[in-house]
Amino acid sequence: MKQIILLSAGLFSLFTVFAQDNISIIPQPVKLTENQGHFILPATITINADGNPGLKTAMAELSERLTLPTGYHVTMTNSGSAVFRIGLNKTADPELGNEGYRLSVTPGKVTITANQPAGIFYGVQSFLQLLPPEIESNIRVADIAWNAPCVSITDYPRFGWRGLMLDVSRHFFTKEEVKKYMVQMARYKYNVLHLHLSDDQGWRIEIKSLPQLTHVGAWRVKRTGLWGEFLPALAYEQASDGGFYTQEDMREMISFAKDLNITILPEIDVPAHSLALIASFQNLSCTQLPYSVNAGFRSPVRDDNALCIGNDSVFMMLDKIFTELAALFPCEYIHIGGDEAYKGFWADCPKCQKRMTDEHLKNVDELQSYFVKRMEGILKSKGKKLIGWDEILEGGLAPEATVMSWRGMKGGIEAAKMNHHVVMTPWDYCYLDLYQGETSVEPPAYGMCRLSDSYNYDPVPDSVDEKYILGGQGNLWTERVSNYRHVEYMTWPRGLALAEVYWSPKADRNWDHFVQKMEAQFPRLDAEGTKYALSAYNVMYTPVRIKDSRSFSVKLSTEIKGLDIYYTFDGTNPDPYYPKYSGEPLNFPVGATQITANTFRNGKQVGKQITLKKDELAARLNQGRHQY
Ligand code: ACM
Ligand code: ZN
């Protein structure tokens, strides 16, 4: 009897797997045809890769990820009857470029072809997304029907630069955590990890000729709580919090990244955001005041974190630093930061003033531009290209600089119009440190960047020639991201949306389809133990002023369609037996001081219950949409 029940349960689960073939690949492939039938993964998996050594890493990826959760075995073979046939094209297929692939899944065989190993790697990622979510598990999972629907896919990226930035200065993340981040990135075909390696709060890369940099600059006093309000370092306190990557660590991370088709882009943020450097070598700023590495407190002298551009020892120091970085990182670019420099100390500094006179610079913007151009010269002499935040446009762009546009798209447009390359990361669509839903139920952050903002953004403005836009990134600043679980929470699912923005054809973008696919990714993220945010399921409250009145009503909505909202004004917990929101803005009943609402799908709660005070809504009346 027990056996019969088990058997029928097994059949039922098989049936549900077969019946439920909503193919949910993120990012959406360029061409995908679903065919009849299923591929059933055999317990002995044979792979024929023509013995091509260039495919070793793609093979390792495929065999590791197929065997770990299934307990099956992989055998490499040159036989034509192999279940997996993986091969590089003998003559390049022009449709595919360097990262594209063709994937064919039939009942008896899986074939992946590409021009380059990167394409094979991405074909493997897409194939794995056709298998049940448990394929993402790091331990063996029993009783799963390891089947994939039959498909033909032709796929290649829209942009060659598909990045995520991780700020490892504001909070340090270990080598193993960064590797984990890269593993997650590679699943969604990201290929650039931009590491923000220095800032006022920590220097994170060993420079062998300047051991003082990591001896002092990598460490700060320990503070826990809410960033920005911490007590400054006290005289007796040890700077014990932080860390850095040795060059050996970084070589290991770079090699790990290479196997995932990821390039690590290093950023050393100069001339401002340089307090960790200044704390290590006191003579480098205009004021020459002594500082310790900032642990998240307000500096006694605001904005005194810029290098003195009149001081030649600054350039000698930077030459040493960038010489070692250029030798360490294979990336063709080095990011020099360049953002948010307060220029007031330069204006008051005799050395900076002398530099301006000697170099015929009219103002401090031109002084900054002089600095960036000199940095470009240093990098160029070491075979590297310069990339910087869009402030490097101020005072005149360095001749060959690439601009990372973050204060909106404006800087990127300006640079592209001057025939410079651009990486788009406008904060209101790409900043992963911002709130992703109703602020009152999220951990502290700054402005607002919802999942749908990220999804609906396009990195190529109408007025710009697409060829100058290399691609884009999602940027995770970590002032308020103090642990790795929160890194994940802030990255996913916005990272899924941006993956699609940077890989998939614009014409195929479809929010409802994306949401359906995202929901199919959640059990995959669960299986691999990755945290993600469900903020897009929460109610959005928008106060709406009542015409010719000082009063307002409140509109309730959700980013995800098809959810029902139930609400109360009396402080009790709404469920589907309470008033259902009709779409018309609600007026507060006389005397009501708050509203409570929640979201449901088919009667099942999917959001968080959120109560907002009427006063709070009134305060939001005059704020922009990216503030709450
Ligand atoms: C930046 O967000 N300051 C580049
Ligand atoms: Zn100066």
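We now turn to the structure provided with this report.

How each quantity is defined
- Residues numbered from 1 in each chain as written.
- Chains lettered and ligands numbered in written order.
- Predicted model: local features only at pLDDT ≥ 70, side-chain atom pairs only at ≥ 80, totals over all residues.
- Heavy atoms only, no water.
- Axes fitted to C-alpha atoms, helices over the stretch in contact; angles between N-to-C directions.
- Helix = DSSP H or I, 4+ residues; strand = E, 2+ residues; numbered from the N terminus.
- Parallel < 35°, antiparallel > 145°, perpendicular 65-115°, else oblique.
- Left-handed = near helix turned anticlockwise from the far one by under 90°.
- Contact = heavy atoms within 4.5 Å.
- Nonpolar A, V, L, I, M, F, W, Y, C, P; charged D, E, K, R; others polar.
- Pairing = 2+ DSSP bridges.
- Buried < 20%, exposed > 50% of the residue type's maximum accessible area, 1.4 Å probe, protein only.
- Disulfide = S-S within 2.5 Å.

### Quick notes on the packing of helix α2 (residues 56-70) against helix α3 (residues 117-130)
So, step 1. Remark: α2 packs on α3, axes separated minimally by 9 Å, with the N-to-C direction vectors making an angle of 15°. Classed by the angle they form, the pair α2 and α3 counts as roughly parallel. The handedness of the crossing between α2 and α3 comes out as right-handed. Residues A58, E61, L62, R65 and L66 of α2 form the contact with α3, whose participating residues are I120, F121, V124, Q125, F127 and L128.
So, step 2. In terms of residue class, the contact of α2 with α3 is made up of eight nonpolar, one polar and two charged.

### Points about the sheet that holds strand β14 (residues 263-270)
So, step 1. Read around the closed barrel, the eight strands follow the order β8-β9-β14-β15-β16-β17-β18-β19; overall the barrel is parallel. Taken over all neighbouring pairs, the strand axes of this sheet differ in orientation by 30° on average, direction set aside.
So, step 2. The pairing of strand β18 (residues 422-424) with strand β19 (residues 469-476) spans three bridges and is parallel. Across the sheet, residue V422 finds its bridge partner in β19, namely I469.
So, step 3. Lying over the sheet, helix α11 (residues 364-381) contacts β14, β15 (333-337) and β16 (385-389), oriented at roughly 145° with respect to β16.

### Observations concerning the side chain of S553
So, step 1. Among the secondary structure elements, S553 is positioned in strand β21 (residues 552-557).
So, step 2. Not counting chain neighbours up to four residues away, the residues in contact with S553 comprise T542, P543, V544, I546, P585, L586 and N587.

### Here we look at the environment of E479
So, step 1. Examined against the element boundaries, E479 turns out to sit in the loop between β19 and α15 (484-491).
So, step 2. In this structure E479 comes out as buried when scored by relative accessible area, which is 14%.
So, step 3. Counting along the chain gives 10 residues from E479 to Y489, while the straight-line C-alpha distance between them is 15 Å.
So, step 4. Aside from chain neighbours lying at most four places away, what touches E479 is D167, R170, H171, W227 and Y446.

### A word on the state of the cysteines
In a disulfide, the sulfur atoms of two cysteines are covalently bonded to one another.
So, step 1. What the rule picks out here adds up to zero disulfides.
So, step 2. Of all cysteine sulfurs, the one in C449 lies closest to C430, which takes part in no disulfide; the gap is 6.9 Å.
So, step 3. On the basis of relative accessibility, which here comes to 0%, the residue C430 falls in the buried class.

### Brief notes about unusual backbone geometry
So, step 1. P27 follows I26 through a cis peptide bond whose omega is 0°.
So, step 2. Topologically, P27 is positioned in the loop between α1 (2-19) and β1 (31-40).
So, step 3. Despite not being glycine, N261 shows a phi value in the positive range, around 55°.
So, step 4. Looking at the secondary structure, you find N261 in the loop between α6 (247-259) and β14.
So, step 5. Although it is not a glycine, N419 sits at a positive phi angle of roughly 65°.
So, step 6. Inspection of the secondary structure assignment puts N419 in the loop between α12 (410-417) and β18.
So, step 7. By relative accessible area, which is 52% here, N419 ends up exposed.

Function cannot be read off these values alone, since they describe shape.
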